[in-house]
Each structure stands twice: as C-alpha cells, then as structure tokens.
Amino acid sequence: MSEPRPAPDPRGTAPGPRRMKPAQLLFEPPEAVADPEHFFGLESMEDPRELLGRATELALAFRAAADRATEFQALAAAQLADPSRFDRMPPAALAEQAEWTEDYAQKMIEFGRSLMRSSSALPGEMD
C-alpha cells in the first residue's frame, strides 16, 4: 500500500483531542515500560540534533502506523456491517464496540468499503 489515507474524525464535530490510553508498545522491554521516563531511549540522548532526528523518525513511524491501523479498523467495520452476513452488525453496535459515535461508525463503514473497492482494482494492495 502506498500512502495511508486519512480516516474520518472519530469525534464527529466535537472539538478537542480525544483522550485515549495509549496501546502498549510490544517491542519495548517490560522494564522500560515500567519506567515512565523511558521512551525508546530518547531520554538518554544528549545531542539535540540526534534527539530531533530520532524523535522525528518515531513520530512519522507512529503516524504511519496509526493511519494503517485505522484503515484496518475501517476494513473490519465494512466487513462486519456487510448486509450479506447473517451476523452483520448495525452501525450502533459497531460504534459501541469501537467506542465511536454512530455517525463515525457509518463513515468508517463507507471508508472500509471504498478501501475494499480500490483493493479489488489493484490486486495485492491490501494483503
């Protein structure tokens, strides 16, 4: 997949950032996670140029990972809401499970459907 696509805003029209507990980063050692000052070794970097470079790399990587995860959320939402499924979920149930508004769930379903349509046009894109 080339560039991640922006997803709809989960807050709808509500202003301000959504406060969420960050996911545990599985590739950091458990002892590092226990230390609140530890973050990928950034706290121990003395050279501000090196710190800026590494922090920028991490910010870009996390942003790309978040965009990609959102695309997978949208794909799952579209699949779960598929009318051909006998156990399909209505947008309200999806919203409740994913902690979204119902309007956002509907936008994610539509976004997922558009991703599925575009991936069927480009074989191997969403693998």
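Since the model is a prediction, treat every value here as computed from it, not as a measurement.

(A) Representation of the overall build of the protein chain. Looking only at helices and strands, one finds 4 helices and 0 strands in the protein chain. Across the protein chain, helices and strands are ordered from the amino to the carboxyl terminus as α-α-α-α. In the protein chain, which comprises 127 residues, the share counted as buried stands at 20%. Within the protein chain, counting contacts between residues at least 6 apart in sequence, those at least 24 apart form 54% of the total.

(B) Here's a closer look at the packing of aromatic side chains. Summed over the entire model, instances satisfying the criterion amount to 4 aromatic pairs. Where Trp100 meets Tyr104, the ring centres are 5.1 Å apart and the plane angle is 80°; that geometry is what we call edge-to-face. A single burial state applies to Trp100 and to Tyr104, both of which are buried. Connected via pairs of aromatic rings, a cluster forms that spans Phe39, Phe40 and Phe62.

(C) Representation of the confidence of the model for the protein chain. Across the protein chain, the average pLDDT comes to 78, with 66% of residues at or above 70. Taking the mean pLDDT of every element in the protein chain, the minimum, 57, falls on helix H1 (residues 30-34) and the maximum, 95, on helix H3 (residues 91-98). Across residues 13-20, where pLDDT falls below 50, the model places 7 contacts with residues more than four positions away in sequence or in other chains.

(D) Structural view of the environment of Leu51. By secondary structure assignment, the location of Leu51 is in helix H2 (residues 48-80). The partly exposed category is assigned to Leu51, whose relative accessible area is 31%. In this structure the C-alpha to C-alpha distance between Leu51 and Gly41, which are 10 residues apart in sequence, comes to 9.5 Å. The contact partners of Leu51, leaving out residues within four places of it in the chain, are Leu42 and Met45.

(E) Highlighting unusual backbone geometry. One non-glycine residue with positive phi stands out, namely Phe40, at about 55°. Residue position: Phe40 is located in the loop between H1 and H2. When its relative accessible area of 15% is taken as the criterion, Phe40 is described as buried. For Glu99, which is not a glycine, the phi torsion comes out positive at approximately 60°.

(F) Structural context of the pattern of salt bridges. Per the stated rule, a full pass over the model turns up 2 salt bridges. Between Arg54 and Glu57 there is a salt bridge whose closest N-O contact spans 3.3 Å. With Arg54 and Glu57 both in helix H2 and 3 residues apart, this pair spans about one turn of that helix. Relative accessible area serves as the criterion here: at 30%, Arg54 is assigned to the partly exposed category. The partner of Asp87 in a salt bridge is Arg85, with the nearest N and O atoms 3.0 Å apart.

Calculation notes
Residues numbered from 1 in each chain as written. Predicted model: local features only at pLDDT ≥ 70, side-chain atom pairs only at ≥ 80, totals over all residues. Heavy atoms only, no water. Helix = DSSP H or I, 4+ residues; strand = E, 2+ residues; numbered from the N terminus. Buried < 20%, exposed > 50% of the residue type's maximum accessible area, 1.4 Å probe, protein only. Contact = heavy atoms within 4.5 Å. Phe/Tyr/Trp six-rings, centres within 6.5 Å; stacked < 30°, edge-to-face > 60°. pLDDT = per-residue confidence, 0-100. Salt bridge = Lys/Arg side-chain N within 4 Å of Asp/Glu carboxyl O.

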